[in-house]
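Inside the fold
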Amino acid sequence: MNHKELVKELSKRLDMDSEQIENMLQITCKQIGCQLVENNQISIQGFGIFDTKRSNPRTMVNPLTKQRTITSSKLVVVFKPSALIKEKLKEVKNYINILLR
Amino acid sequence: MNKKISLPELIDLVTKGSNYKRKEIELFLTDLFELIEERIYQDGMVKIKGLGIFKLIPVEERKSVNVNTGAEIIIAAHQKLTFTPDQELKAIVNENGMANEPIETYAIPVVEYVEQRVDIPTDIEKIEEPADEIDDRKEEIYLTTVSDGQVETNQIKEEERLDQPIDSEPEVVTDKKQESKQDPVMLPHDPKHHVFLAEEVERLKKQLNEAQTLLHIPNKKPSFWLGLFAGILFMISVGYTCWYAGWLNLIPDPVSVENMHEQRELESASEPAMSDADLQKLNQPISANLDKVTFTTGMNLFKLSTKYYGHRLFWVYIFDANKEHIDSPNNIRIGTEIVIPRLDSTLIDIKNPEAMTKAKKLQSEYYLKYNLGK
């Protein structure tokens, strides 16, 4: 599903302009990012948890100059799907396999 | 910090940052996540700008062991929900994240481990103290002489050398000192020797003091004589070389002049003959070289010939010049020096059909000889 399709579908369901929906989506995404920066978890029941992990710094070798540099550790956004979704996925498995074929 | 934000809290936060009512946002968010879930089951992928991509990935079935019973289980193939964050989200997260912890990207200097690995024997600790004292003494001497401003360090060494034969004792002592410095491991462990060393050091100190006092007396004679001697030697050598060179070039022998003339005449005579000679004579490469190249990976005789002569066909001549160190034109060892001969312009003229046919002939010969392709 595309971003455009999502916005269209949402505007249909909520009886709102697609522009408004887009605006709301942007704000929520920014808000989620801001919360994640402050080491906050965002848990949405029945869906999953957005979390951050700090990746380890690692040495990197420039293949041209053979110079060794250390890349800094970064924050990585991680999503853990809830148990409910996992259960559902097990049931849905066959249906999706048929679709993929 | 490290709070868990649930959906209602998220709704509050979003309403704070926007002009919409709380109810609208609540409806929107609940619907959003419901829709994502629905669509994931249907399409297997949902893409949201600014957040990321939710995607289902098929997992193959695999064997596992039940931890409690030890029985083998087969975990059936299933789908896994994955999330890859969008570039925008990554940027937001890392922009502020870097403010908290500064990035460090620096080059690690190449360390020569060989120097560091030199093991220092434990015995050296016993000897170190006196050695340090000697060093201190030496430094003092150097410092004093430098402060005088007249005597340079080089001169001190010379003077010391001159001083040593006057009294025989200090020479011996200095020798021993050097020995102790050079191989401290060889010295025995027992304390008697340690005491002996200490005595020696004291003696050395006295000697050094004497040397110090001697140094204060300006005694420039030996250095002066040495300098004079060196100067004379230099003058003689320069004069000799000049004279020799002059004898060679400026004052030519009558005989040699005659020889030169003869040579010139011969050359002038041979020149027209060369110009009349047909291509075959010219084909032999002239001895002077254009360049020398060391063979590296990715190099090729074709490439070299196109670089230097403008056409790949003329690799034949390069091979001709390097026959001795190359086994086969297709198999050249990396690192071999390849001489690129200076060829006559008519030989490597692309527009001249004769030159091309000549090169082709040679090429076919080599192909036959070395069983190369075609």
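Look a little higher up for the structure.
All of the points below concern the structure found in this document. For clarity, every value in this text was computed on a predicted model and none was experimentally measured. (Residues numbered from 1 in each chain as written. Chains lettered and ligands numbered in written order. Predicted model: local features only at pLDDT ≥ 70, side-chain atom pairs only at ≥ 80, totals over all residues. Heavy atoms only, no water.)

Each partner contributes residues to the interface: chain A has 57 residues there, and chain B has 59 residues. Carbon and sulfur atoms make up 70% of the surface buried where chain A meets chain B, a total of about 5600 Å² over both sides. Connecting chain A to chain B are three salt bridges. Linking E37 of chain B and K88 of chain A is a salt bridge whose minimum nitrogen-to-oxygen distance equals 3.2 Å. Put simply, chain A and chain B have 10 residue pairs in polar contact (both at pLDDT 80 or more) between them. Broken down by secondary-structure element, the contributors of at least two residues to the side of chain A that touches chain B are α1 (3–14), α2 (18–37), β1 (41–44), β2 (48–54), β4 (68–71), β5 (75–81) and α3 (83–100) of chain A. In terms of residue count, the dominant contributor to the side of chain A that touches chain B is α2 of chain A (16 residues). Within the side of chain A that touches chain B, the residues separate by chemical class into 29 nonpolar, 19 polar and nine charged. (Contact = heavy atoms within 4.5 Å. Buried area = accessible area lost by both parts, 1.4 Å probe. Salt bridge = Lys/Arg side-chain N within 4 Å of Asp/Glu carboxyl O. Polar contact = N/O pair within 3.5 Å; in protein donor to acceptor, adjacent residues only side chain to side chain. Helix = DSSP H or I, 4+ residues; strand = E, 2+ residues; numbered from the N terminus. Nonpolar A, V, L, I, M, F, W, Y, C, P; charged D, E, K, R; others polar.)

Let us look at the nonpolar core. By size, the foremost hydrophobic cluster in this structure holds 47 residues, and its most contacted members are L6, F47 and F50 of chain A together with L29, I36, I48 and F54 of chain B. For this core, the element with the most residues is helix α2 (residues 22–43) of chain B, which contributes nine residues. Sequence-distant contacts of I36 of chain B, defined by excluding residues within four places in its chain, comprise L6 and F47 of chain A together with V46, I48 and F54 of chain B. Counting residues in hydrophobic clusters, the runner-up holds 23 residues, among them F295, V316, Y317 and L347 of chain B. (Core = buried A, V, L, I, M, F, W, Y, C linked by side-chain atoms within 4.5 Å. Buried < 20%, exposed > 50% of the residue type's maximum accessible area, 1.4 Å probe, protein only.)

A separate point is a nonpolar patch on the surface. A surface patch of nonpolar side chains, amounting to about 530 Å² of accessible area, comprises F224, W225, L228, I232 and I236 of chain B. Checked against the element boundaries, I236 of chain B lands in helix α9 (residues 221–249). (Patch = residues over 30% accessible without salt bridge, like charges linked within 9 Å, V, L, I, M, F, W, Y side chains within 5 Å. Areas by Shrake-Rupley, 256 points an atom, 1.4 Å probe, with all protein chains shown as cover.)

Moving on, we come to the sheet that holds β5 of chain A. Here we have four strands laid out as an open sheet, ordered β5(A)-β2(A)-β1(A)-β1(B), and mixed in their pairing. Looking along the sheet, the strands with just one partner apiece sit at the ends: β5 of chain A together with β1 (4–5) of chain B. Both β1 of chain A and β2 of chain A contribute to a ladder of three bridges, which runs antiparallel. Residue I42 of chain A lies in a different strand from β2 of chain A, and its bridge partner there is F50 of chain A. (Pairing = 2+ DSSP bridges.)

The next thing to look at is the pairing of β2 of chain A. Residues and elements named next belong to chain A. The hairpin formed by β1 and β2 contains three residues between the paired strands, and G46 there has a positive phi angle of roughly 80°. With seven bridges connecting them, β2 and β5 associate as antiparallel partners. In the strand pairing of β5, R54 is matched with L75.

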